Each structure stands twice: as C-alpha cells, then as structure tokens.
Amino acid sequence: MTEDRTYFIADRIKSGDATAFRGLFRMHYPSLLAFVEGFVKDKEVAEDIVQNVFMKVWIYRSSLDETKPLRGYLFLLCRREVCNWFRKEVTIQRFMSGLEREEIDRMAASESQDPLEMDELEKIAERIIDQMPAKRREVFVLSRREGLKIEEIAERLGISPRTVNKHMQLALRSLRMNLNKEQL
C-alpha cells in the first residue's frame with residue numbers, strides 16, 4: 001500500500017467510513033496479532049488486545065492524524081496496550097499472592113478452633129464451592145486441592161492464565177463473602 005493511499009484511508013475513517021475501517025482491519029490485523037502475541041505468548045490475550053486497539057481507533061477516529069501513516073500508529077497503540085496488559089497482570093499476581101497469604105494466616109489462626117467448628121466451616125465451604133459456576137469451581141479445585149499453578153490450570157483447561165486468575169479472584173471472593181455471612 002502506498003503512503004498516499006494510507007493517508008486517504010485515514011481521512012475516510014476519520015469521516016466515519018466503516019468500509020475503509022474494515023479494510024484497515026483486514027490489512028493490518030494479522031501482523032498486529034503476530035506482533036502482540038510475540039510479547040504476551042497467549043493467542044486469546046493477543047486477539048483481545050488487537051481488537052481493543054481497533055475499537056479505540058474507531059471510537060477516537062475523529063482525532064486521527066491523516067498526515068501520519070496508520071500502520072506505525074497501530075503498532076504504537078498495540079505496544080501501549082501490551083504494556084498496560086503487563087501492568088495489570090503484575091497487579092493481579094500481587095493481589096493473588098496477597099490473598100493466598102491471607103488464606104494461610106486465616107487457616108493458621110483457625111487451627112486453634114474447636115474441631116467441631118472446623119468441620120462445620122469445611123461443610124459450609126464445600127457447599128459454597130459446589131454452588132459456584134462449573135468453570136470457576138473447576139479452576140478453584142485444581143488450584144487449591146490439586147495444587148496446580150495458574151499456568152498449569154490454563155494449559156489443562158485450554159484457557160488463558162488471565163482467565164484462570166479471574167476465576168480464582170471470583171471464587172475466593174465468593175468464599176470469603178459467604179463464609180462471613182454464615183459465621184454471623
């Protein structure tokens with residue numbers, strides 16, 4: 001594609017031409033996907049990132065600079081999105097690590113409780129786990145009972161590590177909230 005044509009497409013997209021936007025998407029999606037996947041090493045995450053980039057281009061199309069090549073701009077946006085994704089992943093990992101420490105501290109404190117009370121808590125926790133959506137329950141069981149790491153769970157279930165993290169967050173939140181309700 002010549003530079004003149006790129007500028008023309010940017011001008012058309014800026015004016016709201018959806019056909020020009022679809023053409024831009026078809027033209028650059030494969031190379032952007034390969035670029036992002038090289039960083040995140042997860043095809044689903046890479047697809048999400050590239051789709052977000054194109055969504056932002058469309059939403060903010062009125063601010064496109066038609067004097068600059070779109071290809072470089074798209075790669076720049078992808079790089080920014082990858083950086084944001086890594087920042088979120090680090091935050092999620094820290095959060096999960098903190099939750100695991102809290103859980104260990106809580107379990108150590110509860111070991112001094114009456115064995116009958118512990119049995120009752122285990123039954124309540126089991127009931128809460130059984131009521132979780134199937135995938136969330138499966139992720140939780142693989143993590144807590146089988147001791148699998150996030151990456152191992154993701155590989156076994158064919159989902160992204162980020163999805164595993166989200167299921168764990170929701171499972172732990174559900175357990176914490178429901179156990180607190182039961183103990184009141």
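The following paragraphs examine the structure supplied in this document.

Rules behind the numbers
- Residues numbered from 1 in each chain as written.
- Predicted model: local features only at pLDDT ≥ 70, side-chain atom pairs only at ≥ 80, totals over all residues.
- Heavy atoms only, no water.
- Helix = DSSP H or I, 4+ residues; strand = E, 2+ residues; numbered from the N terminus.
- Buried < 20%, exposed > 50% of the residue type's maximum accessible area, 1.4 Å probe, protein only.
- Contact = heavy atoms within 4.5 Å.
- Areas by Shrake-Rupley, 256 points an atom, 1.4 Å probe, with all protein chains shown as cover.
- Phe/Tyr/Trp six-rings, centres within 6.5 Å; stacked < 30°, edge-to-face > 60°.
- Salt bridge = Lys/Arg side-chain N within 4 Å of Asp/Glu carboxyl O.
- Arc of directions from axis to C-beta.

1. Notes on the overall build of the protein chain
Okay, step 1: Per the secondary structure count, the protein chain includes 8 helices and 0 strands.
Okay, step 2: With 184 residues in all, the protein chain has 34% of them scored as buried.
Okay, step 3: Put simply, 66% of the contacts in the protein chain that link residues at least 6 apart link residues at least 24 apart.
Okay, step 4: For the protein chain, the accessible surface area stands at approximately 11,700 Å², while carbon and sulfur atoms represent 53% of it.

2. Remarks on the packing of aromatic side chains
Okay, step 1: The full count for this structure, using the stated rule, is 7 aromatic pairs.
Okay, step 2: With centroids separated by 6.1 Å and ring planes inclined at 80°, the aromatic side chains of F21 and F54 adopt a geometry described as edge-to-face. Here the residue F21 occupies a position in helix α2 (residues 18-40), and F54 occupies one in helix α3 (residues 43-59), the gap between them amounting to 33 residues. This pair shows no difference in class: F21 is buried, exactly as F54 is.
Okay, step 3: The structure contains a cluster of three or more aromatic residues connected by ring pairs, namely F21, F25, Y29, F54 and W58.

3. Quick look at the pattern of salt bridges
Okay, step 1: Throughout the structure, instances matching the rule amount to 5 salt bridges.
Okay, step 2: Two residues, E81 and K56, come together in a salt bridge whose shortest N-O distance is 2.4 Å. With E81 in helix α4 (residues 70-110) and K56 in helix α3, the pair connects residues that are 25 residues apart, well separated along the chain.
Okay, step 3: A relative accessible area of 35% means that K56 is categorised as partly exposed.
Okay, step 4: Of the charged contacts, one joins D65 and K68 as a salt bridge, the two residues approaching to 3.9 Å between their closest N and O atoms.
Okay, step 5: When its relative accessible area of 53% is taken as the criterion, K68 is described as exposed.

4. Section: helix α6 (residues 134-144)
Okay, step 1: Those residues of α6 that fall on the buried side of the exposure criterion are R136, V139, F140, L142 and S143. For α6, the arc enclosing every buried residue in end-on projection is 165°, short of the 170-degree limit, so these residues lie on one face.

5. Some words on the environment of Y29
Okay, step 1: Mapped onto the fold, Y29 is located in helix α2.
Okay, step 2: A relative accessible area of 15% means that Y29 is categorised as buried.
Okay, step 3: Taking the C-alpha atoms as reference points, Y29 and Q51, separated by 22 residues in sequence, lie 8.5 Å from one another.
Okay, step 4: Sequence-distant contacts of Y29, defined by excluding residues within four places in its chain, comprise L24, E47, V50, Q51 and F54.

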